[in-house]
Amino acid sequence: MANPNSEPKRNPGYLRIATEEAFAPPEMIRLYRELLESPDVDPGFRSLMGFYIGSQAERPRFVFSRLQDLGELRLADMAARGIDRQVIGITAPGPSILPKDKALALAALANDQLAEACRKHPDKFTGMAACAPQAPKEAAKEIERAVTRLGMKAVIINSHIQGEYLDNPKFAPVLEAAEALGVPIYVHPNTPPRNMIGPMLEAGLDGAIFGFGVETGLHALRLITSGTLDRFPKLQIIIGHMGEALPFWLYRLDYMHQAGVRAARYEFMKPLKKSTVSRYLRENFYITNSGVAWEPAIQFTQSVIGVDRVLYAMDYPYQCPVEEVVALDAMDMPAEDKKKFFQTNAEKAFKL
Ligand code: MN
């Protein structure tokens, strides 16, 4: 373990680009407060945002204040942790949880705010575009505006869209826009939808501890097994949290996917152009280590997915202890690979 008193190295030989960092426009918090008051509110949303907006405990208060800051607080936290640049996206569940009209307005407002902060601090911040995928055509237009006029370098979608997934053909305009503009889609976790969350919520396992990974791993797999990435072959998807554990499943995913396809077991599961799940993970995905500052998992993922496909992320402000930066600096890894991890893979994935 890292010495808790140590500081990140200055001039380690690479920039530290943190690629899954969150913000929340104050206007979104107001909309969320309203939503929390409404009858029959989504249980995952209540669990997640009810906690971060309402709890008086120290960690949620820290997270709540930092989420809404795109200036001095954030820059000071970055400096203290040795982070050179943040790639910033709207926090979960973003606009996806809201009714269409409010979601569209919020996405535009969030993009304007984030773009303004990126203009003020061009050497510190990079933006990911928010969108309202529940209105796919309008979302595609907003993505185009955010990329071509506001300089956003990716799209962030906070996983399921009120229980629906991006492989649903209705979301094609969103995927088309990202592919045509050459920007990746960061599929960031959300709490599981109503029909999945029950036993997780009961056990306190619905959030970042477990439910996030299960739900988002499912989303990523659906994009592969549905053939969606055959329809959008140039599309690049980014997933965090060490690939939501998918690299560890890879052998069994390939084996059972092949077996299911050969037996024509499911209507949904047609043969794929690239045949195996693992080829899509290696060619259409980038994986970040957000929330997993753990060398064995990082080295394993580099070995099975590829050293050019694994990126650094912190998960600010939800998880940002300086000890994690110190531990990752100290990884036993060739200098060239460490630079790919911290810096150059992000420069390539986001075209910085
Ligand atoms: Mn995150």
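Residues numbered from 1 in each chain as written. Predicted model: local features only at pLDDT ≥ 70, side-chain atom pairs only at ≥ 80, totals over all residues. Heavy atoms only, no water.

## Points about the overall build of the chain
Reasoning step 1: From N to C terminus, the chain includes 16 helices and 8 strands.
Reasoning step 2: For 352 residues, the compact-globule estimate of 2.2 N^0.38 gives 20 Å, and the C-alpha radius of gyration of the chain, at 19 Å, lies within 12% of that figure.
Reasoning step 3: Taking the principal axes of the C-alpha coordinates as reference, the chain spans close to 55 × 50 × 45 Å.
Reasoning step 4: Counting the 352 residues in the chain, one finds 58% classified as buried.
Reasoning step 5: In the chain, the share of contacts with a sequence separation of at least 24, taken over all contacts with a separation of at least 6, comes to 78%.
Reasoning step 6: By element, 56% of the accessible surface of the chain is carried by carbon and sulfur atoms, the whole surface being about 15,400 Å².
Reasoning step 7: The distance from the centre of the 41 positive side-chain charges to the centre of the 42 negative ones in the chain is 4 Å. (Helix = DSSP H or I, 4+ residues; strand = E, 2+ residues; numbered from the N terminus. Rg over C-alpha atoms; globule rule 2.2 N^0.38 Å. Buried < 20%, exposed > 50% of the residue type's maximum accessible area, 1.4 Å probe, protein only. Contact = heavy atoms within 4.5 Å. Areas by Shrake-Rupley, 256 points an atom, 1.4 Å probe, with all protein chains shown as cover. Lys, Arg positive; Asp, Glu negative; His and termini not counted. Charge placed at Lys NZ, Arg CZ, Asp CG, Glu CD.)

## Brief notes about the pairing of strand β7 (residues 285–288)
Reasoning step 1: Burial along β7 is two-sided: F285 and I287 and Y286 and T288, pointing in opposite directions, are all buried.
Reasoning step 2: Sheet topology places strand β6 (residues 237–239) next to β7; 3 bridges connect them, and they run parallel. When the sheet's bridge partners are listed, I238 is paired in β7 with Y286.
Reasoning step 3: Pairing of β7 with strand β8 (residues 310–311), which is carried by 2 bridges, proceeds in the parallel orientation. (Pairing = 2+ DSSP bridges.)

## Considering the nonpolar core
Reasoning step 1: With 110 residues, the main nonpolar core has I185, I237, Y312 and F350 as its most contacted residues.
Reasoning step 2: Ranked by residue count, the leading element in this core is helix α5 (residues 100–120), at 8 residues.
Reasoning step 3: Among residues more than four places away in sequence, those in contact with I185 are V155, I157, L175, A178, L235, Q236, I237 and I238. (Core = buried A, V, L, I, M, F, W, Y, C linked by side-chain atoms within 4.5 Å.)

## Describing the side chain of T228
Reasoning step 1: With respect to the secondary-structure elements, T228 resides in helix α10 (residues 228–231).
Reasoning step 2: Owing to a relative accessible area of 1%, T228 belongs among the buried residues under this scheme.
Reasoning step 3: With residues near it in sequence (within four places) discarded, T228 still touches D167, L175, R222 and L223.

## Describing the coordination of the manganese ion
Reasoning step 1: At 1.9 to 2.2 Å from the manganese ion lie its protein donor atoms, namely E20 (OE), H188 (NE2) and D315 (OD).
Reasoning step 2: Site description for the manganese ion: donor spacing in sequence, E-x167-H-x126-D. Note that E20 is positioned in strand β1 (residues 17–23) and H188 in the loop between β5 (185–187) and α8 (194–202), a separation of 168 residues in sequence.
Reasoning step 3: Residue E20 is classed as buried on the basis of its relative accessible area of 2%.
Reasoning step 4: Residue H188 is classed as buried on the basis of its relative accessible area of 10%. (Donors = N, O, S within 2.8 Å, 3.2 Å for Na, K, Ca; no water.)

## Points about the sheet that holds β8
Reasoning step 1: The strand order across the open sheet formed by 8 strands is β1-β2-β3-β4-β5-β6-β7-β8, and the pairing between neighbours is parallel. At either margin of the open sheet sits one strand with a lone partner, and together these are β1 and β8.
Reasoning step 2: In the sheet, β5 pairs with β6 via 2 bridges, with the strands oriented parallel. Among the inter-strand pairings, I185 is bridged to a residue of β6, identified as I237.
Reasoning step 3: Sitting on the sheet, helix α4 (residues 72–81) is in contact with β1, β2 (85–90) and β3 (125–129), with an inclination near 135° to β2.
Reasoning step 4: Each of β1, β2 and β3 touches α5; the most contacted strand, β3, lies at about 165° to it. (Axes fitted to C-alpha atoms, helices over the stretch in contact; angles between N-to-C directions.)

## Brief notes about the packing of helix α2 (residues 43–54) against helix α3 (residues 58–67)
Reasoning step 1: Viewed as axis vectors pointing N to C, α2 and α3 meet at an angle of 90°, and their least axial separation amounts to 7 Å. The orientation of α2 with respect to α3, classified from their angle, is roughly perpendicular. Touching F51, Y52, I53 and G54 of α2 are R59, P60, R61, V63 and F64, all from α3.
Reasoning step 2: Here the contact of α2 with α3 is built from residues that sort into 6 nonpolar, 1 polar and 2 charged. (Parallel < 35°, antiparallel > 145°, perpendicular 65-115°, else oblique. Nonpolar A, V, L, I, M, F, W, Y, C, P; charged D, E, K, R; others polar.)

## Here we look at the pairing of β2
Reasoning step 1: In terms of burial, β2 is a largely internal element, 6 of the 6 residues being buried.
Reasoning step 2: Of the two faces of β2, the one carrying R85, V87 and G89 and the one carrying Q86, I88 and I90 are both buried.
Reasoning step 3: Pairing geometry for β1 and β2, over 5 bridges, is parallel. Counted as the bridge partner of I17 is R85 from β2.
Reasoning step 4: In terms of strand pairing, β2 meets β3 through 3 bridges, oriented parallel. Bridge pairing links Q86 to F125 in β3.
Reasoning step 5: Following the backbone out of β2, through α5 and into the adjacent parallel β3, one traces a crossover that is right-handed. (Right-handed = clockwise from strand over helix to strand, strands pointing away.)

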